[in-house]
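A look at the structure
The primary structure of each chain is shown beneath.
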Amino acid sequence: MERAAGPEADTLVARGEGAGRRRASRSNWSGSLIVASLTGAFGSSFLYGYNLSVVNAPAAFIKKFYNETWERRYGFSVDERTLTLLWSITVSIFAIGGLVGAIIVTPIVKFFGRKCTLLFNNVFAVTAALLMSVSLLAGSFEMLILGRVIMGVDAGISLSALPMYLSEISPKEIRGSLGQVTAIFICIGVFTGQVLGLPEIFGQESRWPYLFGAIIVPSLIQVVILPFLPESPRYLLLEKHNTSKAERAFQTFLGKEDVSHEVEEVLAESRVQRNTKLVSVLQLLRTRAVRWQVITVVITMACYQLCGLNAIWYYTNNIFSEAGINHKTIPYVTLSTGAVETVAAVFSGLVIERLGRRPLLIGGFGLMVVFFAVLTVSLTLQKTVHWLPYLSIFCILAIIASFCIGPGGIPFVLTGEFFQQSQRPAAFMIAGTVNWLSNFTVGLLFPFIQGGLQTYCFLVFAAICFAGATYLFFVLPETKNKTFHEISQAFAKRNKVSLELQEMNHCSGERKSNAEQESNFTSSVGNGETKKGIV
């Protein structure tokens, strides 16, 4: 009986521990944390996704507006080549604005903080929305192009500031799920742009300016709600040295009074670093201890844009048409792509803390390789077999789902997890620069690749996905439920950095007396602040 009771007791204990972990995970989702993530994403990554798809539906009407404006100014119609150039500039210049935003985000988040940067960024969004929505009334296509540039700046800033904010306010147990909010709202934004572009809503010649005016709504919602939420507690503690505000921020986001453990965890990181002064991009690139983290972020972000999803959007209408779908019905069928994208992103957010970042990212790229290969075959032979166009449609949806399960959001999560507090703004600047340069490269080169290789162009993207998956398989460690210090240790051997040296620095920080810690932080806290004894 005793021998039988032993395994049963162990099983009950294991079940109890598992249930405890699940309860702890659920308890991490406080109301303030949920509101902060949803509000931040709605006014940031949602607008990025929305502006990716919003130009597709009114393309014919905007080109007509360009032609009419040109004829009114110069007395003759614009030639086809110039019109194509103007339209290409309108679409692709969004990436140039994004590159500018990614470059300027580091000094902005340094001086304004993460939350205030998101709020300040709405100035760009509202300005862009006003310019683009009144361009038809003013008879100026330059206003539309300028608005796209400014909207790109907004996107470049938000795609760095939002993941930074979310990674710093979330407990490590749900950091991946909360980080996926960025990707989920990008997908929701794409889908919303498709829905509002339907003929019954704003997809008409007289209504297309409203598509751009709608950008103001998420911005205003963010401006109204976000000021009532705290700044990143890690930013307040490590960069502003404001312990009392950091404690209150932790209490608000975690929904509990005792946050001494969380504060001590952040202070431990500070003691390891010893110097929380923000490093520059050049300093980060020269830091041996994060060399492979930087390389991994660069490769992951490049694959994020170069994996061919933009090419899929380019081909969608043509493939649906080849499948025999009526041209008037295609806009409604295209909604299926946005719906699949959103569902896959939500699924990824639900399972990322169970499966981890590594399997989802590598698996997503791997599945894209398979479906790109099948799509190439089906597109090449679709005129010889009547059912192959439907296989092409399936492959399109499968590629979109594979992308959103892993590659669509996890690169942003990893960028926030790989680096210490003082390195994070520079890291996001590098990631954003690679992201937007790759975006612009795809927009610039894809027409030539497609013209030269025809349906075989997808093999180029399959090769990129394969290369990315192979690299990540050999280099990427799992970061699930790990602190920033533990992730740094996982890369230490590859970076040829002595773990003993890291631990020695950590221990020397631990040996600092409580009185000395008190003195250091009291001198940094502003007048009138009360320093609580946490350490």
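Heads up: the structure comes first, above all this text.
These lines cover the structure that appears in this document, whether it is placed above or below. Since we're looking at a predicted model, the values are computed, not measured.

**Some details on unusual backbone geometry**
Of note in this structure, His 241 is not a glycine but carries a positive phi near 55°. Taking relative accessible area as the criterion, His 241 reaches 24% and is therefore assigned partly exposed. Positioned with a positive phi, Asn 481 is a non-glycine residue whose angle comes to about 60°. Mapping Asn 481 onto the fold places it in the loop between helix 23 (457–475) and helix 24 (484–492). A relative accessible area of 36% places Asn 481 in the partly exposed class.

**Observations concerning the packing of helix 21 (residues 410–418) against helix 22 (residues 424–453)**
Relative to each other, helix 21 and helix 22 sit at 150°, their axes nearing to 9 Å. In terms of orientation, helix 21 and helix 22 fall into the roughly antiparallel class. In terms of crossing hand, the pair formed by helix 21 and helix 22 is right-handed. Along its contact with helix 21, which presents Phe 412, Thr 415 and Gly 416, the element helix 22 presents Arg 424, Ala 427, Phe 428 and Ala 431. Among the residues making up the contact of helix 21 with helix 22, the classes are represented as four nonpolar, two polar and one charged.

**Side note on the pattern of salt bridges**
All told, the structure shown has eight salt bridges when counted by the stated rule. Note that Lys 256 is salt-bridged to Glu 262, the shortest N-O span being 3.0 Å. Of the residues examined, Glu 262 reaches a relative accessible area of 16% and is grouped as buried. The salt bridge involving Arg 357 is made with Glu 417; its shortest N-O contact spans 2.5 Å. Highlighted residues: Arg 357 in helix 19 (residues 357–381) and Glu 417 in helix 21, separated in sequence by 60 residues. Linked by salt bridges that have partners in common, Arg 114, Glu 168, Glu 239 and Arg 424 make up one network.

**Side note on the nonpolar core**
In this structure, Tyr 66, Phe 365, Phe 372, Trp 436 and Phe 458 are the most contacted members of the largest nonpolar core, which totals 127 residues. Among the elements that line this core, the one with the most residues is helix 8 (residues 141–169), at 15 residues. Each of domain 1 (29–229) and domain 2 (279–512) gives at least three residues to this core. Apart from residues lying up to four places away in sequence, Phe 372 is in contact with Cys 307, Gly 308, Ile 312, Ile 399, Phe 458, Phe 461, Ala 462 and Cys 465. The next biggest cluster of nonpolar side chains, apart from the first, holds twelve residues, and it includes Leu 238, Leu 254, Val 263 and Val 266.

Conventions we followed
Residues numbered from 1 in each chain as written. Predicted model: local features only at pLDDT ≥ 70, side-chain atom pairs only at ≥ 80, totals over all residues. Heavy atoms only, no water. Buried < 20%, exposed > 50% of the residue type's maximum accessible area, 1.4 Å probe, protein only. Helix = DSSP H or I, 4+ residues; strand = E, 2+ residues; numbered from the N terminus. Axes fitted to C-alpha atoms, helices over the stretch in contact; angles between N-to-C directions. Parallel < 35°, antiparallel > 145°, perpendicular 65-115°, else oblique. Left-handed = near helix turned anticlockwise from the far one by under 90°. Contact = heavy atoms within 4.5 Å. Nonpolar A, V, L, I, M, F, W, Y, C, P; charged D, E, K, R; others polar. Salt bridge = Lys/Arg side-chain N within 4 Å of Asp/Glu carboxyl O. Core = buried A, V, L, I, M, F, W, Y, C linked by side-chain atoms within 4.5 Å. Domains from an automatic or database assignment.

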